[in-house]
There are 2 protein chains.
Amino acid sequence: MAEFPERSAAGPARPARRATIKDVAAEAGVSVAAVSKVVRSAYGVSPEMKSRVQAAIDKLGYRPDVGARAMRGHSYTIGVVAPELSSFFVTEVIDAIVSQFEGTAYGVTVMLAGADADRQRRAVHGLIDRKVDGLVLVAPWTPFRWIEKVARSVPTVAVARHGASQDCDTVVSDDEQGARLAVDHLVGLGHRRIAHIGQAAGPDDSHPLSHVVRQRGYEAAMRAHGLEPDVIVGAYSDRGGYDAARTALARAETPTAIFAGADVAALGALRAIEDAGARVPGDISLVGYDNIWLAGVKRIWLTTVDESSQLTGEAAARLLRERLDEGRTRAARHTLAPSLIVRGTTAPPPQGSRLPAD
Amino acid sequence: MAEFPERSAAGPARPARRATIKDVAAEAGVSVAAVSKVVRSAYGVSPEMKSRVQAAIDKLGYRPDVGARAMRGHSYTIGVVAPELSSFFVTEVIDAIVSQFEGTAYGVTVMLAGADADRQRRAVHGLIDRKVDGLVLVAPWTPFRWIEKVARSVPTVAVARHGASQDCDTVVSDDEQGARLAVDHLVGLGHRRIAHIGQAAGPDDSHPLSHVVRQRGYEAAMRAHGLEPDVIVGAYSDRGGYDAARTALARAETPTAIFAGADVAALGALRAIEDAGARVPGDISLVGYDNIWLAGVKRIWLTTVDESSQLTGEAAARLLRERLDEGRTRAARHTLAPSLIVRGTTAPPPQGSRLPAD
DNA sequence: GCACCGGCGTAGAACGTTCTTCACTCGTGG
DNA sequence: CCACGAGTGAAGAACGTTCTACGCCGGTGC
């Protein structure tokens, strides 16, 4: 098959345009409409015509122009909006989405927008301007009302936003349960003073992002054990975890365990604890959340909660394809169960620690 | 400004279409051409008309359709093709490109294709079908000839491919020098038996990918010190590094230092070494390459080579903008200098080790 | 022999832009 | 008083598709 036309033909003064459907029609000696039918493998083409057109297509290296197509209907493009790529969760979700659409007529294009509502909004607009057929919003920071408005004009899946919706499909991990798993594990080991590193709430309350629910889950689980929650609001970053842990260590009664809402923050906390001369898990136990790749590295070996990012991406892609290919119109919600991965940063509290009371 | 139209209007039976330039023209009581001029802030609009049109645009929430625009020229879209996102280098490059185009008329769309020539080819085609104005290929695995052909039809920057080109802009880090920095550092500490974990060559030789040049640089640097190179061909992955290190440890004369061509591989090697009961850097020193975030984590604290991924991304974006905005047509090449980051995984070889000979 | 049908193919009108061409209105210099 | 140019605005032809509406053909049922 012919490849790209040269921009400015070096030798003979050829026009060097990209072949269009008209060129193919001329080459095959048929009408433009016929070529279109063949390309779309639509109804009403004789085998003879089909092969003739196909030959012309191959000869000219014809590929349909997506923009022109989009003007008449579908762009065969799925848009994904994600915050930064440094988060392992995000990259895994994206990879899963891409591979779900691999081999279909759809292409997946990703736009990066940070954890910034305005940039995300602009990215979504950019995608809609490009007439995407479907949208996946990963951990979107914008108000849910706005997302639903978007969803009413193009099929949309919101990932990592809790709460029901009429218009928008959602995929979430059960963060409440994840937090409970972490707390139960620590309590089971004998811990009673367990601090949590959280993050400021975010855009709205009715459809919270994961971290808010994790914190709520933590609080509920603590109370269920008759323990007092101790939340330190920090940030899901190395720095945030570091600072939060220092705050915790400065408490009158130092916690014997820290449950960080994200592995990155847990790493920062680990650094702070070790800088302070304490040992993990000897003096303080540490649990993260996300199961990033790093958590499984031997020297770190962080106990954490896995939210199956890959399944999340697959579910998002599947929901979209249901809308696109099968014509589903009712909103769907998909919830995944997290699991605890016990590794090396948790152990029973040190001897001097207070025993369970009741 | 008005937001998205509802797909199927709930209350009054409104058409619910997205506003087009025609709607704006009607609303403002001017011609379509005039609106187009205002949108493009082209020459020949009176202030009075401009403000009238602008008001209509705001009222209707009009946004130009990118597909329709693309048919007449520019799509204002930059396409980036990258292998997987798990590599820190890649994500940093992409982030830098995105932020360079932030605030311009251009949108950046990313396509993921793995380290697989065919998938990358398909991704590039997909982007060209979408009429991108510019292309950045990050560590492309396809033959360079093919890339140059692409570059002749749309401005293209190849990142991490060495060698000169007439058609295609390139941005590379001086991998030869990077390897030399690593070897010099180890030799300076007294090491003589230094193994290298490399990766199979790839698509072509005239314009090699980084890892090939790193290996060559390692070999040259070793010879410059009068030492025999010891290359273990593995893969740039945790598993690849693990296996390669085991191979090295099985040597009759065990190396006292390992220089891995990538940090991920170094991590795998670290695991293998510690699994074998040896200590880093006590028994074996270890140097990586890439300076991924993880290398800076306290518990790892890997000595490595930084190739300034951010500057790479910025350079790529700049080269593209030179072509797009300033009309440069000659190919340009941009080379960045890597730097050594000495951390905790390198030390003088253990006592029993042979002393420098000459 | 005629109406009708299914199968195949074509013409041509959209789709939402940009941009060239043209027309109109002033003000100005001759 | 006329020609002219600058400044503004409008009309309309692309751009590359899809898709509806239609036409032609040979066969079939009456």
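Nothing here was measured: the structure is a model prediction, and the numbers come from that model. (Residues numbered from 1 in each chain as written. Chains lettered and ligands numbered in written order. Predicted model: local features only at pLDDT ≥ 70, side-chain atom pairs only at ≥ 80, totals over all residues.)

Peer 1: Help me understand the overall build of chain A in this model?
Peer 2: Check the secondary structure of chain A and you find 12 helices and 12 strands. Taking 358 residues into account, the globule formula puts the C-alpha radius of gyration at 21 Å, and chain A, at 27 Å, lies well above it. Projected onto its principal axes, the C-alpha coordinates of chain A cover approximately 90 × 45 × 35 Å. Counting across all 358 residues of chain A, residues that qualify as buried make up 47%. At a minimum sequence separation of 6, the contacts of chain A that also span at least 24 residues come to 69%. (Helix = DSSP H or I, 4+ residues; strand = E, 2+ residues; numbered from the N terminus. Rg over C-alpha atoms; globule rule 2.2 N^0.38 Å. Buried ≥ 20, exposed ≤ 12 C-beta atoms within 10 Å, placed from the backbone. Contact = placed C-beta atoms within 7 Å.)

Peer 1: Explain the packing of helix H1 (residues 21-28) of chain B against helix H3 (residues 47-60) of chain B to me, please; I cannot follow it from the model alone.
Peer 2: Two packed helices can be described by the angle between their axes and the distance between those axes. Residue and element names in this part refer to chain B. Where H1 meets H3, the closest approach of the two axes is 9 Å, and the angle between their N-to-C directions is 125°. Overall, the two elements H1 and H3 adopt an arrangement that is oblique. In this structure, H1 crosses over H3, and the sense of that crossing is right-handed. The segment H1 lies against H3, with Asp23, Val24, Glu27 and Ala28 engaging Arg52, Val53, Ala56, Ile57, Lys59 and Leu60. Tallied by class, the residues present in the contact of H1 with H3 amount to 6 nonpolar, no polar and 4 charged. (Axes fitted to C-alpha atoms, helices over the stretch in contact; angles between N-to-C directions. Parallel < 35°, antiparallel > 145°, perpendicular 65-115°, else oblique. Left-handed = near helix turned anticlockwise from the far one by under 90°. Nonpolar A, V, L, I, M, F, W, Y, C, P; charged D, E, K, R; others polar.)

Peer 1: Could you clarify how one ought to interpret the pairing of strand S3 (residues 134-138) of chain B in this entry?
Peer 2: When a strand is regular, its side chains alternate between the sheet's two faces. All names here are of chain B. Counting buried positions over the 5 residues of S3 gives 5, a clear majority of the element. Because side chains alternate across S3, one face comprises the buried residues Gly134, Val136 and Val138, and the other comprises Leu135 and Leu137, equally buried. Direction of pairing for strand S1 (residues 77-82) relative to S3: parallel, over a ladder of 4 bridges. Each residue of the ladder has a partner; that of isoleucine 78, found in S3, is glycine 134. For S3 and strand S4 (residues 156-159), the ladder comprises 4 bridges, and the chain directions are parallel. (Pairing = 2+ DSSP bridges.)

Peer 1: What is the right way to read the relation of the copies chain B and chain A from this model?
Peer 2: Between the two copies of the chain lies a relationship made up of a rotation around an axis and a movement along it. Taken as rigid bodies, chain B and chain A are interconverted by a rotation of 180° and an axial shift of 0.0 Å, the fit giving an RMSD of 0.1 Å. Interpreted geometrically, this transformation is the action of a two-fold axis. Taking C-alpha positions as the reference, the residue of chain B nearest the rotation axis is Gly67(B), at 2.0 Å. Comparing interface residues between copies, 100% of those in chain B also sit at the interface in chain A, which points to an isologous, same-surface contact. (Least-squares fit on C-alpha atoms with pLDDT ≥ 70 in both.)

Peer 1: What am I meant to see in the protein's contact with DNA strand C here?
Peer 2: Around DNA strand C, the surrounding shell holds 26 residues, and the nearest of these are Ser31(A), Ala34(A), Ile21(B), Ser36(B) and Arg72(B). Of all the elements in the fold, those that place two or more residues in the surface near DNA strand C are helix H2 (32-39) of chain A together with H1, helix H2 (32-39) and helix H4 (66-71) of chain B. For the surface near DNA strand C, the leading source of residues is H2(B), giving 4 residues. In terms of residue class, the surface near DNA strand C is built from 14 nonpolar, 6 polar and 6 charged. (Near = placed C-beta within 6 Å.)

Peer 1: Explanation requested: the protein's contact with DNA strand D in the structure shown.
Peer 2: Around DNA strand D, 27 residues are found, and the nearest of them are Ile21(A), Ser36(A), Arg72(A), Ser31(B) and Ala33(B). Sorting the residues of the surface near DNA strand D by element identifies helix H1 (21-28), H2 and helix H4 (66-71) of chain A together with H2 and H3 of chain B as the ones contributing at least two each. Per-element tally for the surface near DNA strand D: the top contributor is H2(A), with 4 residues. Here the residues of the surface near DNA strand D sort into 14 nonpolar, 6 polar and 7 charged.

Peer 1: Just checking my understanding: could you explain the interface of chain B and chain A for this structure?
Peer 2: When the parts come together, some accessible area is lost, and that loss is often what is quoted as the size of the interface. Chain B puts 43 residues into the contact, and the matching count from chain A is 43 residues. Here the side of chain B that touches chain A is composed, by residue class, of 18 nonpolar, 9 polar and 16 charged.

Peer 1: What is the right way to look at the sheet that holds strand S6 (residues 194-199) of chain A in this model?
Peer 2: What holds strands together in a sheet is hydrogen bonding between their backbones, with the strands either parallel or antiparallel. All names here are of chain A. In space, the 4 strands of this open sheet follow the order S7-S6-S8-S9, with parallel pairing throughout. Looking at strand neighbours, the two that pair on one side only are strand S7 (230-234) and strand S9 (285-287), the edges of this open sheet. Across the sheet, the mean angle from the axis of one strand to that of its neighbour is 20°, orientation sign disregarded. When strand S8 (residues 257-260) meets S9, the two strands line up parallel, connected through 3 bridges. Its bridge partner lying in S9, alanine 257 is registered against serine 285. Contacting S6, S7 and S8, helix H9 (residues 210-224) crosses the sheet at an angle of about 160° to S6. Packed onto the sheet, helix H11 (residues 263-275) meets S6, S7, S8 and S9 and runs at close to 150° relative to S8.

Peer 1: What am I meant to see in the nonpolar core here?
Peer 2: Across soluble globular proteins, you tend to see nonpolar side chains buried next to one another. One finds Ala269(A) and Ala269(B) to be the most contacted residues of the largest nonpolar core, which totals 181 residues. With sequence-adjacent residues up to four places away left out, Ala269(A) is seen in contact with Ile197(A), Gly241(A), Tyr242(A), Ala244(A), Ala245(A), Ile258(A), Ala260(A) and Leu286(A). (Core = buried A, V, L, I, M, F, W, Y, C linked by C-beta atoms within 7 Å.)

Peer 1: I would appreciate a short explanation of the confidence of the model for chain A in the present structure.
Peer 2: Caution applies to low-pLDDT regions: their predicted coordinates should not be interpreted in detail. Averaged over all residues, the pLDDT of chain A is 91; the fraction at 70 or higher stands at 93%. When the criterion is pLDDT under 50, residues 353-358 of chain A qualifies, and its contacts beyond four places in sequence or with other chains add up to 5 contacts. (pLDDT = per-residue confidence, 0-100.)

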